[in-house]
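Structural characterization, general
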Amino acid sequence: MEHAVSHKFDLSANFLKYLAIAAMFLDHFASVFIPSDQPIWFVMRVFGRLCAPIMCYFVAEGEFFTSNRKKYLQRLVLFALLAHFPYVIYFNLPLFGATSVLWGLALGLMALIFVKHSAANLGIKIAFVGLCCLLAIWADWNFVSVLWILGFGLFRGNFKKQMLSFLLIGIVFHLYPLLRDYGTADLYQIGIVLAIPVLALYHGRKGRGGKWMKWGFYLFYPGHLLLLELLKILIR
């Protein structure tokens, strides 16, 4: 069934991007500045789970609407590179042992473009997706972001199938492994399911925001990490 386009109440694409930015900022702030035994830490981390699903969804939307897929992919790779050092510095990670979610988003976009538009046979397409997933292992959200983007993009126009793929991928490759390995310490990860009712309120309206919102999230990503790192230095 098509996702309807005329509703009395809906959330625009730009509003959802602002929501993702807020969720990301609060999540990253809480993960470093607030003790994990505080209730507000749990609330902020749950809210933070909205960011990755929303951005994966709009990467898939962007692939559909862009007039130049090659430039879209190039810009996303560029922002992934720009975000790498702020990410590993802020979270005190090995320089080349981890990287930000933007790298996973870029690989997800790459996989979606190849699957949708390449003349290659199914076997080669599956192998290419597997390679993208492998290269995303070091990114925040790892290959889950690649698979989410594929599901959102390939099932575009059928909201129920989009959300079913999102939920199955999230449970099998994200929630189950984390809860199995870390138990209640990672219970906040169930917050990803909140993305379903939020995205259900999006019906294709772009909303206000101008050119800022086209790449605002990707600029904000390294910018907010640098700001938080500065705050961390100041309060030491």
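Use the structure listed above.
The text that follows walks through the structure, step by step, so that each part is easy to find. Worth saying up front: this structure is predicted, and the values here are computed from it rather than measured.

Structural notes on unusual backbone geometry
Look at asparagine 92: it is not a glycine, yet its phi comes out positive at around 55°. With relative accessibility at 68%, the residue asparagine 92 sits in the exposed group. Despite not being glycine, asparagine 142 shows a phi value in the positive range, around 35°. Looking at where asparagine 142 falls in the secondary structure, it is placed in helix H7 (residues 142–154). Judged by its relative accessible area of 23%, asparagine 142 is partly exposed.

As for the packing of helix H3 (residues 51–65) against H7
Taken N-terminus to C-terminus, the directions of H3 and H7 make an angle of 50°; their axes are 8 Å apart at the nearest point. The pairing of H3 with H7 is recorded here as oblique in orientation. Remark: the crossing between H3 and H7 carries right-handed chirality. On H7, the residues touching Ala52, Pro53, Cys56, Tyr57, Val59 and Ala60 of H3 are Ser145, Trp148, Ile149, Phe152 and Gly153. Looking at the contact of H3 with H7 residue by residue, the class counts come to nine nonpolar, two polar and no charged.

Quick notes on the nonpolar core
Nonpolar side chains tend to gather and get buried jointly when the protein is soluble and globular. Ranked by internal contacts, the top residues of the largest apolar core, which has 66 residues, are Ile54, Leu102, Leu105, Trp148 and Tyr218. Among the elements that take part in this core, helix H5 (residues 101–117) stands out by supplying 10 residues, more than any other. Discounting chain neighbours no more than four positions away, the residues touching leucine 105 are Met55, Cys56, Val59, Leu76, Ser145, Ile149 and Tyr218. Counting six residues, the second largest nonpolar core, distinct from the first, contains Ala30, Met44, Val46 and Tyr188.

Basis of the calculations
The numbering scheme is per chain: residues are counted from 1 as the chain's sequence reads. Two thresholds apply to this predicted model, a pLDDT of at least 70 for residue-level local features and 80 or more for giving and counting side-chain atom pairs, whereas whole-chain, interface and lining totals are computed over all residues. Water and hydrogen atoms play no part in the side-chain values, which are based on all heavy atoms of the structure. Partly exposed describes any residue whose relative accessible area lies between the buried limit of under 20% and the exposed limit of over 50%, with all areas from a 1.4 Å probe on protein chains only and scaled to the type maximum. Secondary structure follows DSSP: runs of H or I at least 4 residues long count as helices, runs of E at least 2 residues long count as strands, and numbering of each begins at the N terminus. Axes, fitted as lines to C-alpha atoms, cover a helix only where it is in contact. Angles between the N-to-C directions of the axes lie from 0 to 180 degrees. These descriptions rest on fixed angle ranges, namely under 35 degrees for roughly parallel, over 145 for roughly antiparallel, 65 to 115 for roughly perpendicular, and the rest for oblique. Handedness of a crossing is defined here by the sense of rotation of the near helix relative to the far one, left-handed for an anticlockwise turn of less than a right angle and right-handed for a clockwise turn. Note on contacts: a residue pair is in contact if any heavy atoms of the two residues lie within 4.5 Å. Any residue outside Ala, Val, Leu, Ile, Met, Phe, Trp, Tyr, Cys, Pro, Asp, Glu, Lys and Arg is labelled polar, Gly included; the first ten of those are nonpolar and the last four are charged. Note on terminology: a nonpolar core comprises buried Ala, Val, Leu, Ile, Met, Phe, Trp, Tyr and Cys residues joined through side-chain atoms within 4.5 Å.

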